[in-house]
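Observations on the three-dimensional arrangement
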Amino acid sequence: MDRPLTSTERRNRLLRRGLPWVAAIAVIFIAVSGAIALLAPSIDPSDLTIATVERGSIRETLEASGRVVPAFELVLSSPVEARVQRVLRTTGETLDEGAVLVELDASESRLGHERIEERIAQKRNGRLQLEAEIAQSQLASRSRIEQKQLDVEILRYQADQKRTLANEGLIAEEEARRAEVEAKKAAIELGQLRLAAESSARTDRAKLAGIDLELAILTKERDQSSRQLELAEMRAPRRGVLTWIVPQEGATVARGEVLARIADVSRFRVEGTISDIHAARIAAGMETIVVSGNRRATGVIASVDPTVRNGAVSFQVEAPDDAGLELRNNLRVDLHIVLASRENALRLQRGPGIGEARRQEVFVVRNGRAVLTPVEVGLTGHDAVEILSGVREGDRVIVSDMTSHRGSQEIRLEGEKE
């Protein structure tokens, strides 16, 4: 006789019937998951460059190219018009101060110097003659003045005597007045002689001053000519490297024509060039990182040339502290002009897989897999970028070129623990 099943018996019967199906589904799920894991793309981590997101300073930069040149270059010009007699040095030589570079044939200038000496001698002789003439003239003038002074005294004495006699009625009044007039006339003539002597003395002083001025001018010309003749044996005024020298012996050079260039290699500067599309973004005073190989130093833009040549703008970077760069003439370097900087930012080392786009996708290492993750980039420097969102400090990011894995959302990292 059948009896109704209790609820417990019905539940147990359902579990017995459903258990095989649950087990089968679990087996199928595990098999599918394993197959997916086996079929998922994988990569050896040793083939990757993985960087850790960290906090630090970040600088946004513009890249430019540069060439190292001496900070100072001395140009030596011909002091006279002459013929190059001997060229004693070659380009590239290191020169000590006083080293003879070029010997010039300055025979024409030497003749000119001798003519100046002759003119100076003539002027000095003329001055001596003038001094003798002045002395003789002054002596004659003093003699006339003394003679006239004596005449005045005699006439005054005579006029006084005749006035006394006229007052006593011994001579006529007219004779006394005539004597007084003669005395006054002599006094006037004495005054005129003195004025003439003073005027003559001023004229003589002016003549002497004129000759002295001519002598001073000729002396300066003579001294300048002497210096030019001394420079005809062209010497290095300071220690440096000879970067250029007149190439041909026997060539005639004009006064002021360049004979040699000497570079001071104790200090350097960098001549930079950058595309003219960035011309408005650079200015004097901007910090610039100079990179030579794996070494770097910091300099400052000293000036920017506003002229555009072949689509590029030139600028000068003040010589950085080159103790770590080992700079040398004509060395090619990379320049990174700092546009902006930020401290305590999330920064990620740059690599082929990290671009400059503000929004991009990177592979972040999580649980043994590289997971494609969108990130937002802030400042972009030459060696690192700022991460605004998408990853956290301490996350490990693949910075290698992952173009070959484009389209993959996850990549299994061989040997990484999940």
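Our structure is the block above this text.
Here the residue numbers are simple positions, counted from 1 along each chain's written sequence. pLDDT decides what is reported in this predicted model: residues at 70 or higher carry local features, side-chain atom pairs at 80 or more are listed and counted, and totals for whole chains, interfaces and linings draw on all residues regardless. Note that water and hydrogens are dropped before the side-chain values are worked out from all heavy atoms of the structure.

Grid points spaced at 1 Å and placed over the protein atoms alone form the basis of the search, with a cavity being a set where a 1.4 Å probe fits but cannot get out and a pocket an open set showing protein on both sides within 12 Å along at least five of seven lines. Lining residues have an atom within 4 Å of a point. Grid points are joined across faces, edges and corners, and a volume is the space filled by probe spheres set on the points. In this model, the largest pocket occupies a volume close to 270 Å³. Forming the walls of the largest pocket are 16 residues, and the residues nearest its centre are Glu 361, Phe 363, Leu 372, Met 402 and Thr 403. For the lining of the largest pocket, the leading source of residues is strand S15 (residues 359–366), giving three residues. We call Asp, Glu, Lys and Arg charged. Ala, Val, Leu, Ile, Met, Phe, Trp, Tyr, Cys and Pro are nonpolar, and the rest, Gly among them, are polar. Each residue belonging to the lining of the largest pocket can be placed in one class, and the counts come to six nonpolar, seven polar and three charged. A run of DSSP states H or I qualifies as a helix once it reaches four residues; a run of E qualifies as a strand once it reaches two. Both are numbered from the N-terminal end.

Attention now moves to the pairing of strand S3 (residues 54–77). Of the pairings in the sheet, the one linking S3 to strand S14 (residues 332–349) comprises 13 bridges and is antiparallel in character. By the bridge assignment, Glu 54 is partnered in S14 with Arg 347. At least two bridges found by DSSP between two strands is the condition for calling them paired. Looking at chain direction, S3 and strand S10 (residues 258–275) are connected through 12 bridges and run antiparallel. Counted as the bridge partner of Ser 77 is Val 258 from S10.

To continue, consider unusual backbone geometry. Unlike most non-glycine residues, Asn 344 shows phi in positive territory, near 55°. For Asn 367, which is not glycine, the phi dihedral falls at a positive 55°. Take Asn 367: it is sitting in the loop between S15 and strand S16 (369–380). Owing to a relative accessible area of 61%, Asn 367 belongs among the exposed residues under this scheme. The buried label applies to any residue whose accessible area, calculated with a 1.4 Å probe on protein chains only, is under 20% of its type's maximum; exposed applies above 50%, and partly exposed to all values in between.

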